[in-house]
Amino acid sequence: MKSYLNTDHEKSEQLISRINFHLKTPGETLDEYKRRKTIALGTRIQETRKVYLDKNFWIYLRDVYLGRSRGPEHQEFYDVLIEKTKSGDVLFPVSDSLFIELLKQSDDTTRLATARVIDELSGGISFLSMPERIQAEIYHFVEKGRKGVDKIYPLAQMVWGTTGQIGGSFSPPEIEGVPSNQVLALQKASIDVLWSYTIEEVLKILSNIEDSPDLTFAKLARNITEEKFRHESDLKSFKQTFLIELEGILITLENQFSDLFRHIFEKEAGRKLTLEEERNDNSGKLFAKLIHVAFEKGKISTELPFINIHTGIHAAVRWDKKRKFKEHDFLDFHHAATALPYCDVFCTDNPLRVLLTGNLLSYDSLYSTKIISDVESATKCILALHRKGWRN
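Summarised in this report is the structure supplied together with it. The structure presented is a predicted model; accordingly, all values stated were derived computationally and were not measured.

### Quick word on the overall build of the chain
Scanning the chain from terminus to terminus reveals 18 helices and 6 strands. Computed over the C-alpha atoms, the radius of gyration of the chain is 22 Å, within 12% of the 21 Å expected from 2.2 N^0.38 for a compact globule of 392 residues. Reported as C-alpha extents along the three principal axes, the dimensions of the chain are approximately 60 × 55 × 45 Å. Put simply, the chain has 392 residues, and 49% of those count as buried. When contacts within the chain are restricted to residue pairs at least 6 apart in sequence, those whose partners lie at least 24 apart make up 79%. Surface accessibility of the chain: about 19,900 Å² in total, with carbon and sulfur atoms responsible for 52%.

In structure tokens:
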């Protein structure tokens, strides 16, 4: 396996070692350290082609791994992916949405086998969790407007993490009575250790948790479908439908917008907002309105990709008078919003491929991403990928 991580040391030894290291090199804040690690990883893998596989394609690979291949085309697919991983030409990153689907597998044997195949082919690389990735996309959009594209890192270098942080970053909170430099060293060291975990190791940790979350979306699908048909007569055009969906998504992000602008202010002004300034802060609402107008006037193309793609897919399903929302749609839509802006190839099921490449969305053209729904075509496409391939 070609891995971009160092997982040679036992976790406890690694934690102690990294605490001592950070005590001796205290220069960066926690946020600065996390950002530097993320960008360094993104820079390291920027020339590697990236292929995102949805759940079904991972299941095909798992079955080959378990010796129960569904056909020779699946065995060839597996062999090509192993070859491309070993050569360093192609990376097969995973995401929090895929990890949720892994947790939904009820059979311990197949779940563990899937985890091991993921560890083999991902090289330990994952997208940042969805909330962290949205935050990075919003931050990049704002800073590009403030400073210009030449003064900031490319967005494609800001969205990567490791399988150990697939559910989001975690660091210990402030501890009363413990010197701040020691807490900071512990926080940074915890991030270092977390980065070294494989999917298999994360699964083992979660297996010790008795209360597992509800990972089904059947009720949500029913509710949204009922709401769709109640209001279908109100929709007069796809653009109107898109803008209605956009407004709903932006409302949920207003607090995140405010947090971002507060962070920028505090960093540049060198002080926190006063209580009165916090009460009067409406930056989140104003920025949401600004984004809405920008989309309405056609000023946004590939920027803010999660907002753009997620809105477009939901709008396209609403605009289709016959289609109902299904339980698996929500994670599938997240897969699309994850893969399209950052990967060369997105392997998914045929209904989603048709939706994404249809005239309403044409996201394959917009984001220059090949969208494939059959194993044979995927094998042929991946076999042709090389490090200095399509996406430069």
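What follows picks up the thread again.
### Some words on the sheet that holds strand 6 (residues 370-372)
Strand pairing within a sheet occurs via backbone hydrogen bonds; the two strands may be parallel or antiparallel. Pairing is parallel in the open sheet, where 4 strands are placed in the order 2-1-5-6. For this open sheet the edge positions go to strand 2 (90-91) and strand 6, each flanked by a neighbour on one side alone. Of the pairings in the sheet, the one linking strand 5 (residues 345-347) to strand 6 comprises 3 bridges and is parallel in character. Considered in strand 6, the bridge of Cys-347 is made with Ile-372.

### Overview of the side chain of Glu-245
Relative to the elements of secondary structure, Glu-245 occurs in helix 11 (residues 238-269). With a relative accessible area of 12%, Glu-245 lands in the buried category.

### Brief notes about the pattern of salt bridges
The tally for this structure, following the rule as stated, stands at 24 salt bridges. For Glu-28, the salt bridge goes to Arg-36, with nearest N and O atoms at 2.7 Å. Taking the relative accessible area as the measure of exposure, Glu-28 reaches 23% and is therefore partly exposed. Since its relative accessible area comes to 46%, Arg-36 is described here as partly exposed. Put simply, Glu-303 and Lys-144 hold a salt bridge, and the shortest N to O gap is 4.0 Å.

### Examining a negative patch on the surface
A cluster of acidic side chains, namely Glu-76, Asp-79, Glu-83, Asp-374 and Glu-376, defines a negative patch on the protein surface. The leading source of residues in the negative patch is helix 4 (residues 72-87), at 3 residues. With respect to the element layout, Asp-374 can be found in the loop between strand 6 and helix 18 (375-383).

### Looking at the nonpolar core
By size, the foremost hydrophobic cluster in this structure holds 96 residues, and its most contacted members are Leu-53 and Trp-58. Looking at which element gives the most residues to this core, the answer is helix 11, with 10 residues.

### Observations regarding the packing of helix 2 (residues 30-44) against helix 8 (residues 180-195)
One can describe the packing of helix 2 onto helix 8 by two numbers: an axis separation of 10 Å at closest approach and a directional angle of 25°. Overall, the two elements helix 2 and helix 8 adopt an arrangement that is roughly parallel. Considering how the two elements wind past one another, helix 2 and helix 8 form a crossing that is right-handed. Facing helix 2, whose interface residues are Leu-30, Tyr-33, Lys-34, Lys-37, Thr-38 and Leu-41, helix 8 presents Leu-184, Gln-187, Lys-188, Ile-191, Asp-192 and Trp-195. A breakdown of the residues in the contact of helix 2 with helix 8 according to their chemical character gives 6 nonpolar, 2 polar and 4 charged.

### Quick notes on the packing of aromatic side chains
Summed over the entire model, instances satisfying the criterion amount to 13 aromatic pairs. Note on Phe-57 and Tyr-60: the rings are 5.6 Å apart at their centroids and 70° apart in plane angle, and the pair reads as edge-to-face. Placement of the pair is Phe-57 and Tyr-60 together in helix 3 (residues 55-65), with a separation of 3 residues, close to one helical turn. Taking relative accessible area as the criterion, Phe-57 reaches 2% and is therefore assigned buried. Summarising the aromatic geometry, the rings of Phe-257 and Phe-287 are spaced 4.9 Å apart at their centres and angled 85° between planes, so their arrangement reads as edge-to-face. Placement of Phe-257 in helix 11 and of Phe-287 in helix 13 (residues 283-296) is noted, with a sequence separation of 30 residues between them. We classify Phe-257 as buried; its relative accessible area is 0%. Among the residues examined, Phe-287 registers a relative accessible area of 7% and is labelled buried. Cluster of aromatic residues (ring-pair linked, three or more members): Tyr-52, Phe-127, Trp-160, Tyr-342 and Phe-346. The ring of Tyr-197 carries Lys-11 above its face, with NZ or CZ at 4.8 Å from the centroid.

### A short note on the environment of His-263
By the element assignment, His-263 lies in helix 11. Take His-263: its relative accessible area is 37%, and that puts it in the partly exposed class. When the C-alpha atoms of His-263 and Ile-100 are compared, they prove to be 30 Å apart, with 163 residues separating the residues in sequence.

Cut-offs applied
- Residues numbered from 1 in each chain as written.
- Predicted model: local features only at pLDDT ≥ 70, side-chain atom pairs only at ≥ 80, totals over all residues.
- Heavy atoms only, no water.
- Helix = DSSP H or I, 4+ residues; strand = E, 2+ residues; numbered from the N terminus.
- Rg over C-alpha atoms; globule rule 2.2 N^0.38 Å.
- Buried < 20%, exposed > 50% of the residue type's maximum accessible area, 1.4 Å probe, protein only.
- Contact = heavy atoms within 4.5 Å.
- Areas by Shrake-Rupley, 256 points an atom, 1.4 Å probe, with all protein chains shown as cover.
- Pairing = 2+ DSSP bridges.
- Salt bridge = Lys/Arg side-chain N within 4 Å of Asp/Glu carboxyl O.
- Patch = residues over 30% accessible without salt bridge, like charges linked within 9 Å, V, L, I, M, F, W, Y side chains within 5 Å.
- Lys, Arg positive; Asp, Glu negative; His and termini not counted.
- Charge placed at Lys NZ, Arg CZ, Asp CG, Glu CD.
- Core = buried A, V, L, I, M, F, W, Y, C linked by side-chain atoms within 4.5 Å.
- Axes fitted to C-alpha atoms, helices over the stretch in contact; angles between N-to-C directions.
- Parallel < 35°, antiparallel > 145°, perpendicular 65-115°, else oblique.
- Left-handed = near helix turned anticlockwise from the far one by under 90°.
- Nonpolar A, V, L, I, M, F, W, Y, C, P; charged D, E, K, R; others polar.
- Phe/Tyr/Trp six-rings, centres within 6.5 Å; stacked < 30°, edge-to-face > 60°.
- Lys NZ or Arg CZ within 6 Å of the ring centre and 35° of its normal.

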